[in-house]
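So you can see what is in the structure, the chains are spelled out below.
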Amino acid sequence: MNAGASSALPSTGAPISRPRPGKPRRVLPGFNLTLGYALFYLCLIVLIPLSALVFKTFTLTWDQFWAAVTSPRVMASYRLTFGASLLAAIVNLFGGLLVAWVLVRYHFPGKRIVDALVDLPFALPTAVAGISLTALLAGNGWIGQFLEPHGIKLAFTPAGVVIALIFIGLPFVVRTVQPVLEDSEKELEEAATSLGATRWQTFWRVILPSIMPALLTGFAMAFARAIGEYGSVIFIAGNMPMISEITPLIIIGKLEQYDYGGATAVALVMLVISFVMLLVINGLQGWQRKRSGGAS
Amino acid sequence: MSGGTSLRSNARRAQAGTTESPLVRWLLIGLALAFMGLFLVLPLAAVATEALRKGFGAYLEALREPDAWAAIRLTLITAAITVPLNLVFGVAAAWAIAKFEFRGKAILTTLVDLPFAVSPVVAGLIYVLVFGAQGWFGPWLQAHDIKIIFAVPGIVLATIFVTFPFIARELIPLMQAQGSDEEQAAIVLGATGWQTFWRVTLPNIKWGLLYGVILCNARAMGEFGAVSVVSGHIRGQTNTMPLHVEVLYNEYQSVAAFAVASLLAILALVTLVIKSIIEWRHEREMKALADLPPERPPTPDAAAA
């Protein structure tokens, strides 16, 4: 999420002297106070409430749990949520790489504004994104009016879900790939070219491998964000059971019927998936650090 | 000798080899701009046109509605509580993680990120499970006539959860990169811990801090999913601006919905402007720093450069 910032942080530049790891580390005060407070706040806000989810699930029997998380309507919502998230993340993989490439390698008027605008999905509330995309794609909207006569319906269909998720995930790939492209060494490309590689071969064999970890990190982040997304999707999806109902909406629906057990069970499935995605992203970032550490 | 010319032509070829032909370049730029325009600029433009569809008078009328005012007030209150709390946590966590070595540091860093990975709806649900009528503290809260869920405290708590990592995530890498030499020097020279923090650390991290604060604020004001679960949607009481947008939209009051949405869009644009200014400033400072002559005995690398 802070990928935008990391491009602004000093990656190279003034020599940074790191304190030697060793014994005389505790010169600075405040270790107990800050760590203690951070842990206290973390437990209070994040860990204890999250554990409530796990404990609540334990009040269900295994059969109840299984029935809640595998009912046909819930299964359909998984298919939609994962399918749409995957599609949106793939579109963002290519679109994000394109935007990052253009922003790093080329000069054109208005480049800084375009660069700043990339973060719009982070800053724009999701509900606003949802209603404005719906207004665009509905039958009387700016885009919808051209598509409707050809029988293409985007709003209130699963396709609308994909479009909302593309919007939400757009900055991730751009912001993870951009700093890596900026740091990549042109000498390698020059070498490839003078050895007779075409531009396409250079991109495929030299540039792409070097940005691959960042690219996959951004892809995984966009995918993870899309799975949990709620605000922008519900306006555009139409929310028809079995067809265009996403998993977070299933949780809300169960809550509104006071089915706390069922809501919790589905939420636990989503939470486990979030954990797995977090681990995958951490692994990818570790790979990226190793790669960039080895390169420079 | 032909060696010189072939070398030079090689160099020219190599230079040409690190960029594309103008045609390809403009094609790629065009494609990228079309992608951005379609997905980012058009939705923004749609908010503006829909909000002003019935003229500026109707737009202002929609914003002057008491329920809209209540929503704006609640959103501001929520952000005013959330941001300082997460600010204190962010600074404390970054200080502990960046300045000290301890066991479990990697786990703590991952846990700080956790709220980003959790779906906003799940974030709202967990507070319902703790404080709701059926939840852990539900009976006790009811007995003491304290309302958290479907009331303002629940909204604040859910917002704190979803914006939890923003400031810490900005500060941790920044403070790690800066090391703790300056702070150690201050302590050795006799400064107290507080003095060191206020006079040495804070000036060093102020831009990163501001960056985290504005992102945290934007998300706090715009959060929808988590707040929607805990709010109860009581008009004029527990509707934040994004929830108010939803209510109006579902009642087919399109102009009013987009009018409130336009305020949130303006908030987003202001956030982007401040963020860009911070980034440009930082870039300039880094350049200025790189141009300074080295203070310590130059390493062979620096001398060569």
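To be clear, the structure that these remarks concern was listed above.
What comes next concerns the included structure. (Residues numbered from 1 in each chain as written. Chains lettered and ligands numbered in written order. Predicted model: local features only at pLDDT ≥ 70, side-chain atom pairs only at ≥ 80, totals over all residues. Heavy atoms only, no water.)

The subject of this paragraph is the overall build of chain B. The secondary structure content of chain B amounts to 15 helices and 0 strands. By the compact-globule yardstick of 19 Å for 305 residues, chain B is too spread out, its C-alpha radius of gyration being 26 Å. When its C-alpha atoms are laid out on the principal axes, chain B stretches across 90 × 60 × 30 Å. Looking at the 305 residues of chain B, the share that counts as buried comes to 51%. Total accessible area on chain B is roughly 14,600 Å²; 66% of this is exposed by carbon and sulfur atoms. Distance between charge centroids for chain B: 5 Å, based on 22 positive and 21 negative side chains. (Helix = DSSP H or I, 4+ residues; strand = E, 2+ residues; numbered from the N terminus. Rg over C-alpha atoms; globule rule 2.2 N^0.38 Å. Buried < 20%, exposed > 50% of the residue type's maximum accessible area, 1.4 Å probe, protein only. Areas by Shrake-Rupley, 256 points an atom, 1.4 Å probe, with all protein chains shown as cover. Lys, Arg positive; Asp, Glu negative; His and termini not counted. Charge placed at Lys NZ, Arg CZ, Asp CG, Glu CD.)

Contacts between the two partners involve 101 residues from chain A, matched on the other side by 107 residues from chain B. A combined buried area of about 9,600 Å² lies between chain A and chain B, and 77% of that area is made up of carbon and sulfur atoms. Along the contact surface separating chain A from chain B lie 2 salt bridges. Put simply, A:R112 and B:E283 hold a salt bridge, and the shortest N to O gap is 3.3 Å. Sort the elements by how many residues they give to the side of chain A that touches chain B and helix α2 (residues 31-58) of chain A lands first, with 19 residues. Residue composition of the side of chain A that touches chain B, grouped by class: 69 nonpolar, 21 polar and 11 charged. (Contact = heavy atoms within 4.5 Å. Buried area = accessible area lost by both parts, 1.4 Å probe. Salt bridge = Lys/Arg side-chain N within 4 Å of Asp/Glu carboxyl O. Nonpolar A, V, L, I, M, F, W, Y, C, P; charged D, E, K, R; others polar.)

What follows concerns the state of the cysteines. Tallied over the full model, the rule gives 0 disulfides over all chains. Among the cysteines around B:C216, which has no disulfide bond, A:C43 carries the closest sulfur, lying 20 Å off. (Disulfide = S-S within 2.5 Å.)

Residue and element names in this part refer to chain B. The end-to-end C-alpha separation of helix α9 (residues 166-178) is 19 Å, in line with the 18 Å expected for 13 residues at 1.5 Å each. Among the 13 residues of α9, 10 are classified as buried, and the element is accordingly described as predominantly covered. Inspection of α9 places F166, I167, A168, R169, E170, L171, I172, L174, M175 and A177 among the buried residues, and these make up the whole buried set. Immediately downstream of α9, the backbone of G179 shows phi near 70°, a positive value. (Expected span 1.5 Å × (residues − 1).)

On to the pattern of salt bridges, then. Two side chains bearing opposite charge may form a pair once their charged atoms approach each other closely. Counted according to the given criterion, the structure contains 18 salt bridges over all chains. Put simply, A:R105 and A:E189 hold a salt bridge, and the shortest N to O gap is 2.7 Å. Of this pair, A:R105 sits in helix α4 (residues 72-105) while A:E189 sits in helix α10 (residues 186-194), and the two are 84 residues apart along the sequence. Comparing A:R105 with A:E189, the two get one shared label, buried. A salt bridge links B:E101 to B:K105; the nearest nitrogen and oxygen atoms lie 3.6 Å apart. Overlapping salt bridges, with partners in common, bring together A:D115, A:D119, A:R175, B:K275 and B:E279 in one network.

Let us now look at the packing of aromatic side chains. With the rule as written, the count across this model stands at 29 aromatic pairs over all chains. An angle of 45° between the planes, with centres 6.3 Å apart, marks the rings of A:F82 and A:F223 as tilted. Pair noted here: A:F82 is in helix α4 and A:F223 is in helix α11 (residues 199-228), with a separation of 141 residues, a long-range link. Given a relative accessible area of 12%, A:F223 falls into the buried group. Following the ring pairs from residue to residue traces out a cluster consisting of A:Y37, A:F40, A:Y41, B:F89 and B:F164. Above the face of the B:W95 ring, B:K99 is positioned so that its terminal group lies 5.8 Å from the ring centre. (Phe/Tyr/Trp six-rings, centres within 6.5 Å; stacked < 30°, edge-to-face > 60°. Lys NZ or Arg CZ within 6 Å of the ring centre and 35° of its normal.)

Here we take up the side chain of B:T271. Along the chain, B:T271 turns up in helix α14 (residues 254-291). A relative accessible area of 4% places B:T271 in the buried class. Polar contacts involving the side chain of B:T271 include one to the main-chain carbonyl oxygen of B:L267, which spans 2.7 Å. With near-sequence residues (within four places) excluded, B:T271 lies in contact with A:A123, B:I214, B:L215 and B:A218. (Polar contact = N/O pair within 3.5 Å; in protein donor to acceptor, adjacent residues only side chain to side chain.)

What follows covers the nonpolar core. One finds A:I45, A:L53, A:L124, A:V177, A:I251, B:F161 and B:L171 to be the most contacted residues of the largest nonpolar core, which totals 193 residues. Of the residues forming this core, the biggest block, 15 residues, is contributed by α4(A). Discounting chain neighbours no more than four positions away, the residues touching A:L53 are A:T264, A:A267, A:L268, A:L271, B:V122, B:L125, B:I126 and B:L129. (Core = buried A, V, L, I, M, F, W, Y, C linked by side-chain atoms within 4.5 Å.)

Moving on, we get to unusual backbone geometry. All names here are of chain B. Backbone geometry at D145 places phi at a positive 60°, although glycine is not the residue there. Within the fold, D145 resides in the loop between α7 (138-143) and α8 (152-163). Residue classification places D145 among the exposed positions, given a relative accessible area of 70%. Here F150, not a glycine, exhibits a phi torsion of approximately 60°, which is positive.

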